[in-house]
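# Inside the fold
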Amino acid sequence: MTMMRRDRFFLVFTLAAVFSADLYFILLPKLQRMGQRSVRPCSCSPDNITLPQHGGVATPQLSNWTSAQQRDGTGSEHAVTGSKLENLFSHPLYSIQTPELAPEERLLATGQLMEYYKKKVARWERHMKLYSEAAAVSNITVSEHKVTYDPDASWLKFHLGINRYALYSRDDPVIPQLLREMQSMTVISADYTQDEKALKGECDCTQVVKPSGHHLKLALKMETYAKAMFKPMRQQRHEETPEDFFYFIDFQRHNAEIAAFHLDRILDFRRVPPVAGRVVNLTGEVLQVTHNEDLRSVFFTSPANNTCFFSKCLYVCKTEYAVCGNPDLLEGSLSAYLPSLSIAPRTSIPNPWIRSYTFTGREEWEVNPFFCDTVKQMYPYNSGNRLLNIIDMSIFDFLISNMDRHHYEVFSKFGEEGFPLHLDNARGFGKHSKDEISILSPLSQCCIIKSSTLLRLQLLSRPGYRLSDVMRESLEKDALQPILTEPHLLALDRRLQKVLRAVQRCIRRLGKDRVVTEDFVQSTEGPQVATGLAKVR
């Protein structure tokens, strides 16, 4: 018995000694190293923002702000008071000046646009005179609205402000004015959009991806000849995209168009045309002012005595696909039209990271992690800013959860130096509970990002400039607010952190110098590799 007790005591003593040695020599050093790593700031953390001292477009004016002030009591996060949105737009990162614009860097010349405007107004007046005479002969009463020629109209100034860097400048007072006017201007005409007119009501029902013309949207013309695209409310704000829906048959949400414009402005991309919410009277502002008999024919009164209409495309020309007012009023988004294609043509280009748009197919980028190496050899991605702009667009789409970016457009005048327009965002904000990480594939595969984009993303992750807070404040200015539910706003913060972690992984693997790129790289290559994919619109 004594021998067995001694053996047990020796075993316990041995185990205790081994455990102590493991604790002292292995576990304790590991814990110390983990603690040191947690203290050391990451190069992508929001507390490690540094402004560029050279390169890029222009150095920010730092007379009233320095990195040191951000850390001390006078410039700390806790000292940020008042409007977070105003504080954001007054930050030096939002004061970087673009170069002086040469005439060729502006999309339109004033004389060119005014001459086009006068011709369109004169044509409208002739058209309305003939239409009124024909209606009088037929004993039909029509609503007559005169077009006001106003060379100072906000939409004209918006068009004149478009340049090769952005659709509008940061502090352009015309944009808030245009947003207000779109909410209240008199509608003088309603019609189908050009893409729906092109279908002529004849659609191929066998197509998995339906043409854009089948969506319920209208072109509204205002009293100053301004034009806006109206997308009606199809889904309640609290509703999420059904789990069984493919991204290419998802609903188009009017509030997603509104929110996308505000987010694009907050990110300082300024590539989404101004969008405002508005309640439209379907009878007085659409049915009674349209001159298109096809559009008139799709209006009907529901059993609940509400005014409704549906698309003219054959596979959705049924009352179950209609949208209805209450009884005549229906909210929707109004997106300002870009200049006519006849004076400012645009080129439509397939997104290199386009999805398969089939039930089972997969594209090369979905199976090849080195797909970006191929893209970098293709024109116009082999030089200049185009690839960086595509990565900006993927970050924007990831934040709004938009999987439907199959093409993008650029103004033909600016060529490879032009920026991609962030158009058609109505399929964003479908699911706040899911983050589709594949949308970030351009960033994760190419591992490059603009310095200005990264700095602003880092800034928006700080408590004093939190993305959800500035978005909430910005959206409160819209007539249809609340535009997004709280879960969608909080999802923006969560997704922003995932973007920053993706950049952090790239930097750890390749180094900051290879990942973070100065803005406005000069193009040096020409179209040496023909893609055969672009088409002029």
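Every value quoted in this text rests on a predicted model; they were computed, and no experiment measured them.

## Re the packing of helix 15 (residues 451-460) against helix 17 (residues 486-510)
Where helix 15 contacts helix 17, the two axes come as close as 10 Å, and the packing angle between them is 135 degrees. Accordingly, the angle class assigned to the pair helix 15 and helix 17 is oblique. In this structure, helix 15 meets helix 17 at a crossing whose hand is left-handed. From helix 15, Leu454, Leu457, Gln458 and Leu460 reach across to helix 17, where they touch Leu496, Val499, Leu500 and Val503. Each residue belonging to the contact of helix 15 with helix 17 can be placed in one class, and the counts come to seven nonpolar, one polar and no charged.

## Topic: the environment of Ala491
Along the chain, the position of Ala491 falls in helix 17. Residue classification places Ala491 among the buried positions, given a relative accessible area of 0%. For Ala491 and Ser433, which are 58 residues apart along the polypeptide, the C-alpha to C-alpha distance reads 7.4 Å.

## A few points about the side chain of Thr283
Relative to the helices and strands, Thr283 resides in helix 9 (residues 283-287). Reaching out from Thr283, the side chain makes a polar contact with the side chain of Thr307 at a distance of 3.4 Å. In contact with Thr283, not counting residues within four places along its chain, are Gln288, Thr307 and Asp328.

## Structural notes on the sheet that holds strand 8 (residues 329-336)
Strand order in the open sheet made by the five strands is 1-2-3-8-4, with antiparallel pairing throughout. Each edge of the open sheet is held by one strand with a lone partner, namely strand 1 (187-192) and strand 4 (275-281). Along the sheet, successive strands turn relative to each other by an average axial angle of 35 degrees, direction set aside. One ladder, built from five bridges, connects strand 3 (residues 227-232) with strand 8; its direction is antiparallel.

## Describing the sheet that holds strand 5 (residues 299-301)
The pairing of strands in a sheet happens through backbone hydrogen bonds and is either parallel or antiparallel. On the basis of which strands lie adjacent, the open sheet formed by three strands has the order 5-6-7 and antiparallel pairing. Edge strands, defined here as strands with exactly one partner in the open sheet, are strand 5 and strand 7 (323-324). For strand 5 and strand 6 (residues 307-309), the ladder comprises three bridges, and the chain directions are antiparallel. Residue pairing across strands places Phe300 opposite Cys308, the latter belonging to strand 6.

## As for the packing of helix 13 (residues 386-400) against helix 17
The interhelical angle for the contact between helix 13 and helix 17, taken along N-to-C directions, is 145 degrees, at an axis separation of 9 Å. Both helix 13 and helix 17 take part in a crossing whose hand is right-handed. The residues of helix 17 that touch helix 13, namely those facing Ile395, Phe398, Leu399 and Ile400, are Leu492, Arg495, Leu496, Lys498 and Val499. Residue composition of the contact of helix 13 with helix 17, grouped by class: seven nonpolar, no polar and two charged.

## A closer look at helix 13
Counted at 1.5 Å a residue, the expected span for helix 13 with its 15 residues is 21 Å, and the 21 Å between its end C-alpha atoms agrees. By the criterion of burial, helix 13 is predominantly enclosed, with 15 of the 15 residues buried. Ser401 sits one or two residues past helix 13 and shows a positive phi near 60 degrees.

## Some words on empty space enclosed by the protein
Under the counting rule described, the total for this entry stands at four cavities of 30 Å³ or more. The space that makes up the second largest cavity amounts to roughly 160 Å³. As for the second largest cavity, its lining consists of 18 residues, of which Asn351, Trp353, Asp397, Arg405 and Ile439 are closest to the centre. Looking at the lining of the second largest cavity, the elements that each hand over two or more residues are helix 13 and helix 14 (441-446). A class-by-class count of the residues in the lining of the second largest cavity yields nine nonpolar, six polar and three charged.

## Some details on the state of the cysteines
Note: disulfide means a covalent bond formed between the sulfur atoms of two cysteine side chains. With the rule as written, the count across this model stands at three disulfides. With a sulfur-sulfur separation of 2.0 Å, Cys308 is cross-linked through a disulfide to Cys324. Judged by the sign of its S-S torsion, about 105 degrees, the bond between Cys308 and Cys324 is right-handed. Here Cys324 lies in strand 7 and Cys308 lies in strand 6, a separation of 16 residues in the sequence. Here Cys324 falls in the partly exposed class, since its relative accessible area comes to 35%. Two residues share a disulfide in this structure: Cys447 and Cys506, whose sulfurs sit 2.0 Å from each other. Its S-S torsion of approximately -75 degrees makes the covalent link between Cys447 and Cys506 left-handed. Here Cys447 is found in the loop between helix 14 and strand 11 (449-450), whereas its partner Cys506 is found in helix 17, with 59 residues between them in sequence. Cys506 carries the same exposure label as Cys447, and that label is buried.

## Some details on the UniProt feature "binding site: ATP" (unreviewed entry) in the chain
Under the UniProt annotation, "binding site: ATP" (unreviewed entry) lies at Lys231, Ser335, Ala336, Tyr337, Leu338, Glu409 and Asp424. Structurally, Tyr337 can be placed in the loop between strand 8 and strand 9 (346-350). Setting aside chain neighbours within four positions, we find Tyr337 in contact with Phe158, His159, Thr193, Ala219, Lys227, Ala228 and Met229. Tracing the backbone through its elements, the reader meets Asp424 in the loop between strand 10 (407-411) and helix 14.

Thresholds, definitions, all that
Residues numbered from 1 in each chain as written. Predicted model: local features only at pLDDT ≥ 70, side-chain atom pairs only at ≥ 80, totals over all residues. Heavy atoms only, no water. Axes fitted to C-alpha atoms, helices over the stretch in contact; angles between N-to-C directions. Helix = DSSP H or I, 4+ residues; strand = E, 2+ residues; numbered from the N terminus. Parallel < 35°, antiparallel > 145°, perpendicular 65-115°, else oblique. Left-handed = near helix turned anticlockwise from the far one by under 90°. Contact = heavy atoms within 4.5 Å. Nonpolar A, V, L, I, M, F, W, Y, C, P; charged D, E, K, R; others polar. Buried < 20%, exposed > 50% of the residue type's maximum accessible area, 1.4 Å probe, protein only. Polar contact = N/O pair within 3.5 Å; in protein donor to acceptor, adjacent residues only side chain to side chain. Pairing = 2+ DSSP bridges. Expected span 1.5 Å × (residues − 1). 1 Å grid on protein atoms, 1.4 Å probe; cavity = no way out; pocket = protein on both sides within 12 Å on 5 of 7 lines; lining within 4 Å. Points joined across faces, edges and corners; volume = space filled by probe spheres on them. Disulfide = S-S within 2.5 Å. UniProt positions renumbered as here; feature names shortened; annotations may be inferred.

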